[in-house]
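The lines below spell out each chain.
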Amino acid sequence: MYYVVMGVSGCGKSSIGAAFADAIGGVFVDGDDLHPATNVAKMAAGTPLNDADRAPWLRDVGAAFRGHDGDVVIGCSALKRAYRDIIRDAAGGPVTFLHLHGSQAVIADRMAARADHFMPTTLLDSQFAALEMPDADETAVTVDIDQPPAAIVAAFVAKTGKDFA
């Protein structure tokens, strides 16, 4: 199975994604590691990415699923339906999106507390402006992040309906 842990920057995609992968015996890939250096430099400078910047990265995210056996979990913002469509097309198979949803205030506090990340808090407004909640016709599960990480992971495990025992 292919899973994308999605949401705005600072919502916990990397930590929750790694813990979810662990819980299901899968492999975790951090989508941030797939960004080209030009994207990282642009974000680090406080400039939001545009769709042209994101397109090659999103194709790489989808293609990364095919490089692994078994269950694969990738942390990727996947903010817009069009971005999720690119990932699904590149993956070549069904993708379940695990949406980490939270208020802008909670996420801003978390971003301010983290160190050594290229995404500044000044770009959070652009992330929320771009966010399109998953549509009913998409395979997606949304969990509120205002709870302990173990509870978030447990909710994703329960809501995906797969027996991971």
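Provided above is the structure to which this section pertains.
Here we summarise the structure given alongside this text. Since we're looking at a predicted model, the values are computed, not measured.

### Digging into the pattern of salt bridges
Within the structure shown, the criterion is met by 10 salt bridges. With a closest N to O distance of 3.0 Å, Arg81 and Asp135 form a salt bridge. Pair noted here: Arg81 is in helix α4 (residues 81-91) and Asp135 is in the loop between α6 (124-130) and β5 (140-144), with a separation of 54 residues, a long-range link. A relative accessible area of 22% means that Arg81 is categorised as partly exposed. For Asp135, a relative accessible area of 36% corresponds to the partly exposed category. For Glu138, the salt bridge identified is with Arg81, shortest N-O distance 3.8 Å. Of this pair, Glu138 sits in the loop between α6 and β5 while Arg81 sits in helix α4, placing them 57 residues apart in sequence. Owing to a relative accessible area of 7%, Glu138 belongs among the buried residues under this scheme.

### Notes on the nonpolar core
By size, the foremost hydrophobic cluster in this structure holds 41 residues, and its most contacted members are Val4, Phe65, Ile74, Cys76, Ile87, Leu100 and Phe156. Here Ile74 is in contact with Tyr3, Val4, Val5, Phe28, Val29, Gly31, Val61, Ala64 and Phe65, once residues within four sequence places are set aside.

### Let's talk about the pairing of strand β1 (residues 2-6)
Counted residue by residue, β1 has five buried out of five residues, so it is predominantly covered. Every second residue of β1 is oriented toward a common face, with Tyr2, Val4 and Met6 on one face and Tyr3 and Val5 on the other, all of them buried. Across four bridges, β1 lies against strand β3 (residues 72-75) in parallel orientation. Bridged to Tyr2 within β3 is Val72. Across five bridges, the pairing between β1 and strand β4 (residues 95-101) is parallel. Among the inter-strand pairings, Val5 is bridged to a residue of β4, identified as Leu98.

### Things to note about the sheet that holds β5
An order of β2-β3-β1-β4-β5 is seen for the five strands of this open sheet, with the pairing classed as parallel. The two strands at the open ends of the sheet, each matched to only one other strand, are β2 (27-30) and β5. With direction set aside, neighbouring strand axes in the sheet form an average angle of 20°. Bridge analysis of β2 against β3 gives four bridges, and the strand direction is parallel. If you follow Val29 over to β3, its bridge partner there is Ile74.

About the criteria used
- Residues numbered from 1 in each chain as written.
- Predicted model: local features only at pLDDT ≥ 70, side-chain atom pairs only at ≥ 80, totals over all residues.
- Heavy atoms only, no water.
- Salt bridge = Lys/Arg side-chain N within 4 Å of Asp/Glu carboxyl O.
- Helix = DSSP H or I, 4+ residues; strand = E, 2+ residues; numbered from the N terminus.
- Buried < 20%, exposed > 50% of the residue type's maximum accessible area, 1.4 Å probe, protein only.
- Core = buried A, V, L, I, M, F, W, Y, C linked by side-chain atoms within 4.5 Å.
- Contact = heavy atoms within 4.5 Å.
- Pairing = 2+ DSSP bridges.
- Axes fitted to C-alpha atoms, helices over the stretch in contact; angles between N-to-C directions.

Geometric descriptors of this kind do not, in isolation, establish any biological role.
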